[in-house]
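Now for the letters of each chain:
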Amino acid sequence: MLNSLSIAQLEEITGGKGLGKEFSGLITQISIDSRQIIHPEQCLFVALRGAKADGADFIPTLIFEGIRVFLVHEDWPINSELSEKANFVRVADTRAALQKIAAYQRGQFSKPVLGITGSNGKTIVKEWLGQVLSESFTVAKSPKSYNSQVGVPLSVFGIQPYHQVAILEAGVSKKREMAQLAPMIRPDVGIFTNIGTAHEEGFLSIEEKIREKLQLFSETKLLIYCKDQPLVRKEIEETFSSDRLISWSSNTGADFMISAKKQDSHTKIILIKRDLNTFTFQVPFTDSASIENITHVIIAALTLGQEIPSIQEGLNHLKPVDMRLTLKPGLNDSLLIDDTYNNDIAGLKVALEFMSQQRPKRRKILILSDLLQQGVPEKVYAEVAELIKSYGLNTIIGIGTEVNRLKDFFPDEFSNFASTEELLQSLDSDTFQNDLILITGARPFAFERVVNKLQQRIHGTTLEINLNSLTHNFNFYKQLVKPETKMMVMVKAFAYGGGAAEIANHLQTMGADYLAVAFSDEGVTLRKQGIRLPIMVLNPVEESFDLLQEYDLQPVVFSTEFFRKLANYARNHQIQVSIHLDLDTGMHRLGFEKKHLEELKSLIKDFPELIIASLYTHLVGADEEEHEIFSLGQLQAFTEMRSEIEAILNYKPLVHALNSAGIVRYPDFQMDMVRLGIGLYGIEVTGKFDANLKSVSTLKTTISQVKNLPSGATVGYSRKGTLLHGGKIATLAIGYADGYDRRFSQGKGYVLIHGKKAPVIGNVCMDMTMVDVSDIDAKAGDEAVIYGEQISLKELADRIGTIPYELLTNISTRVKRVYYLD
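Cut-offs used in this document
Residues numbered from 1 in each chain as written. Predicted model: local features only at pLDDT ≥ 70, side-chain atom pairs only at ≥ 80, totals over all residues. Heavy atoms only, no water. Helix = DSSP H or I, 4+ residues; strand = E, 2+ residues; numbered from the N terminus. Buried < 20%, exposed > 50% of the residue type's maximum accessible area, 1.4 Å probe, protein only. Contact = heavy atoms within 4.5 Å. Areas by Shrake-Rupley, 256 points an atom, 1.4 Å probe, with all protein chains shown as cover. Lys, Arg positive; Asp, Glu negative; His and termini not counted. Charge placed at Lys NZ, Arg CZ, Asp CG, Glu CD. Pairing = 2+ DSSP bridges. Axes fitted to C-alpha atoms, helices over the stretch in contact; angles between N-to-C directions. Polar contact = N/O pair within 3.5 Å; in protein donor to acceptor, adjacent residues only side chain to side chain. Salt bridge = Lys/Arg side-chain N within 4 Å of Asp/Glu carboxyl O. Phe/Tyr/Trp six-rings, centres within 6.5 Å; stacked < 30°, edge-to-face > 60°. Core = buried A, V, L, I, M, F, W, Y, C linked by side-chain atoms within 4.5 Å. Parallel < 35°, antiparallel > 145°, perpendicular 65-115°, else oblique. Left-handed = near helix turned anticlockwise from the far one by under 90°. Nonpolar A, V, L, I, M, F, W, Y, C, P; charged D, E, K, R; others polar. Expected span 1.5 Å × (residues − 1).

J.: Go over the overall build of the protein with me, naming the residues and quoting the values.
T.: A tally of helices and strands in the protein yields 26 helices and 38 strands. Along the three orthogonal principal directions, the C-alpha set of the protein runs to about 100 × 80 × 60 Å. Each of the 822 residues in the protein was classed as buried or not, and the buried ones make up 54%. Once local pairs closer than 6 in sequence are excluded, the contacts in the protein between residues at least 24 apart make up 66%. Surface accessibility of the protein: about 36,500 Å² in total, with carbon and sulfur atoms responsible for 49%. Both charge centroids of the protein, one from 87 positive and one from 100 negative side chains, sit 3 Å from each other.

J.: With reference to specific residues and values, describe the sheet that holds strand β5 (residues 87–91).
T.: Sheet strands pair by backbone hydrogen bonding; their relative direction is either parallel or antiparallel. If you walk across this open sheet you meet the 5 strands as β1-β5-β4-β3-β2, and the pairing is mixed. Of all strands in the sheet, those with a lone pairing partner are β1 (17–20) and β2 (29–31), marking the two edges. Strand after strand, the sheet turns through a mean of 25 degrees between neighbouring axes, direction not considered. Bridge count for strand β3 (residues 43–46) against strand β4 (residues 69–73) is 3 bridges, and the pairing is parallel. Within β4, the position partnered with Leu44 by the bridge is Val69. Strands β1, β3, β4 and β5 of the sheet are contacted by helix α1 (residues 7–14), whose axis makes an angle of about 10 degrees with β5.

J.: Describe in detail the environment of Thr117, supporting the description with residues and values.
T.: Looking at the element boundaries, Thr117 is found in strand β6 (residues 113–117). The class for Thr117 is buried, based on a relative accessible area of 0%. Once the C-alpha coordinates of Thr117 and Asn475 are considered, the two residues, 358 residues apart in sequence, prove to be 56 Å apart. The contact partners of Thr117, leaving out residues within four places of it in the chain, are Lys122, Ala170, Met178, Ile191, Phe192, Thr193, Lys213, Leu216 and Phe217. Side-chain polar atoms of Thr117 contact the backbone oxygen of Ala170, separated by 2.9 Å.

J.: Could you give me a rundown of the pattern of salt bridges, with the residues and numbers involved?
T.: Inspection of the entire model under this criterion finds 34 salt bridges. Between Lys361 and Asp333 there is a salt bridge, and its shortest N-O distance comes to 3.6 Å. Of the two residues, Lys361 sits in the loop between α12 (345–356) and β17 (364–369) while Asp333 sits in the loop between β15 (326–329) and β16 (335–339), which places them 28 residues apart along the sequence. Where Asp741 meets Arg743, a salt bridge forms, and the shortest distance between an N and an O atom there is 2.8 Å. Take Asp741: its relative accessible area is 12%, and that puts it in the buried class. Arg743 gets classed as partly exposed once you look at its relative accessible area, which sits at 35%. Ionic contacts of the salt-bridge type, sharing partners, join the residues Lys126, Glu127, Lys141 and Glu169 into one network.

J.: Please provide a residue-by-residue account of the packing of aromatic side chains, values included.
T.: Under the criterion given, the structure shown has 12 aromatic pairs. Ring geometry for Phe256 and Phe279: centres 6.4 Å apart, planes at 45 degrees, overall tilted. Within this pair, whereas Phe256 is found in strand β12 (residues 256–262), its partner Phe279 is found in strand β14 (residues 278–283), the two being separated by 23 residues in sequence. Classification of Phe279 as buried rests on a relative accessible area of 15%. Taken together, Phe45, Phe70, Trp76 and Phe88 form an aromatic cluster joined through their ring pairs.

J.: Help me get a handle on the nonpolar core, residues and values and all.
T.: Of all hydrophobic cores here, the largest spans 117 residues; its most connected members are Leu507, Leu515, Phe563, Leu581, Ile753 and Tyr787. Examining the composition of this core, we find that 6 residues originate from one element, helix α21 (residues 560–572), more than from any other. Among residues more than four places away in sequence, those in contact with Leu581 are Val557, Phe563, Phe592, Leu600, Ile604, Ile612, Ser614, Leu615 and Tyr616. In this structure, Val91, Leu168, Val172 and Leu245 belong to the second largest nonpolar core, which totals 50 residues.

J.: Please set out the sheet that holds β12 residue by residue, giving values where relevant.
T.: Pairing within the open sheet is mixed, and its 9 strands lie in the order β7-β8-β6-β9-β10-β11-β12-β13-β14. Taken across any chain shown, the strands that pair with only one partner, and hence form the sheet edges, are β7 (139–141) and β14. For this sheet, the mean angle separating the axes of adjacent strands, direction not counted, is 20 degrees. Two strands pair when backbone bridges link them, and β12 and strand β13 (residues 267–273) are joined in this way by 7 bridges, in the antiparallel orientation. Considered in β13, the bridge of Lys261 is made with Lys268. Packing against the sheet, helix α5 (residues 122–133) makes contact with β6, β7, β8 (165–169) and β9 (189–192), and its axis sits at approximately 170 degrees to β8.

J.: Any details on the side chain of Thr61? Residues and values, ideally.
T.: Relative to the assigned elements, Thr61 resides in helix α2 (residues 59–65). Of the polar contacts made by the side chain of Thr61, one reaches the side chain of Glu550; its length is 2.3 Å.

J.: So what's going on with the packing of helix α22 (residues 597–606) against helix α23 (residues 628–646)? Which residues, and what values?
T.: Put simply, α22 and α23 touch, their axes get as near as 10 Å, and they point 30 degrees apart. By the angle between their directions, the pair α22 and α23 is classed as roughly parallel. The interaxial crossing formed by α22 with α23 has right-handed handedness. From α22, Leu597, Glu598, Leu600, Lys601 and Ile604 reach across to α23, where they touch Met641, Glu644 and Ile645. Counted by class, the contact of α22 with α23 contains 5 nonpolar, no polar and 3 charged residues.

J.: Explain the pairing of β17 to me, using residue names and the numbers behind them.
T.: Among the 6 residues that make up β17, 5 are buried, leaving the element largely enclosed by the rest of the structure. Where β17 meets strand β20 (residues 436–440), 5 bridges bridge the pair, whose relative direction is parallel. Following the sheet pairing, Leu368 is matched in β20 by Thr440. Inspection of the sheet shows β17 paired to strand β18 (residues 395–399) by 5 bridges, in the parallel sense. Its bridge partner lying in β18, Ile367 is registered against Ile397.

J.: Kindly report on the environment of Glu599, identifying the contributing residues and their values.
T.: Positionally, Glu599 belongs in helix α22. Once the C-alpha coordinates of Glu599 and Thr639 are considered, the two residues, 40 residues apart in sequence, prove to be 19 Å apart. Ignoring sequence-local partners within four residues, the contact set of Glu599 consists of Thr560 and Arg564. In terms of polar contacts, Glu599 uses its side chain to reach the side chain of Arg564, at 3.2 Å.

J.: I'd like to hear about the environment of Arg799, residue by residue, with values.
T.: Within the secondary structure, Arg799 is located in helix α25 (residues 793–799). Judged by its relative accessible area of 35%, Arg799 falls in the partly exposed class. In sequence terms Arg799 and Phe744 are 55 residues apart; their C-alpha atoms lie 8.0 Å from each other.

J.: Would you mind going over the side chain of Thr295 in detail, with residue names and values included?
T.: Tracing the chain through its elements places Thr295 in helix α10 (residues 288–303). Not counting chain neighbours up to four residues away, the residues in contact with Thr295 comprise Trp248, Ile258, Ile269 and Leu271.

J.: I'd like a description of α5, backed by residues and values.
T.: Compared with an ideal rise of 1.5 Å per residue, which puts 12 residues at 16 Å, α5 spans 16 Å between its outermost C-alpha atoms and is within 8% of the ideal. Among the 12 residues that make up α5, 12 are buried, leaving the element largely enclosed by the rest of the structure. Restricting attention to buried positions, one finds in α5 the residues Lys122, Thr123, Ile124, Val125, Lys126, Glu127, Trp128, Leu129, Gly130, Gln131, Val132 and Leu133. Buried residues along α5 sit against β6, β7, β8, β9, α10 and α11 (308–316).

Right under this line is the structure:
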């Protein structure tokens, strides 16, 4: 942020009135997101009201985190407890106040500001212009597509005193929106990219939409535009004096005349000014959309006085903007053009032209959704039909209801599906062969799913989680317990490596009764992902008490000291907290021992604020028969201890003792609830029901390279791998940073390639592992199975002297998790 603010300045800028605890510091950060607080003591939190949430709901938690200044709606109730802890500036509308602060901050920036608007290309122009200008200037720019009523102020707050240039993007969808954005941006130099049909329903005519967008430039010194767009040219030249305009065109009569000479992989752009000064640049693309966008960029850079060699250097290093029109290899030598977020005719035209420039394929195919919010359907689809005819497409696949109008124009080439799901069900691996496929549609149609199904498999390491197998294993254990016995499922440690939120959501739909996590943060994440089941936190800490309350998490209480701290917290906050008492019957990790019971019972009587949801113990050796006498002793001790506690209660808590192994070995001790852990993930540690469980996780990677080595060649670090008689090795895209244990080095581990064992040779590296494929017909890109249905995790764990739990939970978060139903 450019200038820090005092409370007095904040009140003056917003017209608000402060209430509550005096704040004598300065505000250096403004946030609307409770998760993105960096310096709470210097932060102003703006409580915006949205369709799904009210930022004011997070104020108690944010006060606990150290924020002391809040911008709130004037009708938000502020009680005495809150006013004693923080200062609240009350305003009629927090969004409008946020925009006023942004306008004030913009006024503090005296260096050039470039404002960009239009229908298409705004973000690309902004990103590319930022990349080019950064060769000569320190540049601030809107992050991502922050061009909305809230995104623009957040962009302004990102401008710092050291920036030499700022680039801000503005987008509108209806009348009177630009009037709110313009005071925050106030560009010195403007760029109008083009006009299209997006958001047409918000305006009476395309001319009205242009005029709305042009309000951004009411105080602009110079406005850059393309003269080849008749409506844009007319509105701009009627609104602004010629001395404020910088035009470009492929024809004479503009400030810059452009000549674009396309070659194989690049285009030479020649710009000729009215005084015949000539500038020549080379850009790394040939499609018309990119040439239009980069012309705006080049002229803006020239306008700011950037030297030509610096501009060209920036063009040489242009990075792709991950937005649209992405070319991807598809199945069966097909080629995909991913334009999955396009939703207007102008964008479709650009995409079709891009398609026309690709290498020839058997067929040209368009997969198109309904064009949403584009105006009168009859006119829209007639125009679409003309485009399709002019670009000579062979097949058109429509998804939606309105797009079916194209069948009148293409009775033989057109087919229609009511939904994306229906299309996906019809596609198989042989639907397309050597085809060029343009996939373009509105965001609600989620066409990325179509791209994912049609694109060539991406090389890399993935952990595949079969949700059908997960369901099977859950139901298997469910059949082992009585109908009245509840199921608590352990999703700690990222759900044993599988991804807690996704698996928890699946368990919720399957009918689990309880979830358990290790730490409060894990429970908070699940709540934020929409998990509603009761959640037990095994290892809570005092610092997380507020989170426990806010997110309705139930902590385990394991000592008299912790009981007392939590009880006092509950009493001070006048709340009740559901807790779980851990009774130590032999684990000797956490928990109350028998000698603690008298003090514990006294605390239970003194602090009714703590409601005991359950009493439980943890079996030490249920997975091994040799510990049976000890396990039965634990169960007996637990029965005695929990009976002693139950005797002083006027309600009955749940009681539970059995883990996955205990469910199998001690069916007579199911009590009220059992705790299902590693068994859910397909590992039956007692060995009794191995054949009844299904493997849930499959860890796969790909071969990066295959090498033929001579006799005596060594492999890997420290030359630990040796091929005495020569042979062939494959380098896999997985290492110990991915969770593949280094103890698998030197032949202790193996993978499966084409169903054959390939032993590890040499040491496992951080990101790669080499395996011996001398007897396997292997090539780069082939799949290697690390573990799964064909390679037992128990066997792999035994090979390196560990347990399956460790192998599962070691899988790095950088390994992509893929969830599927087979």
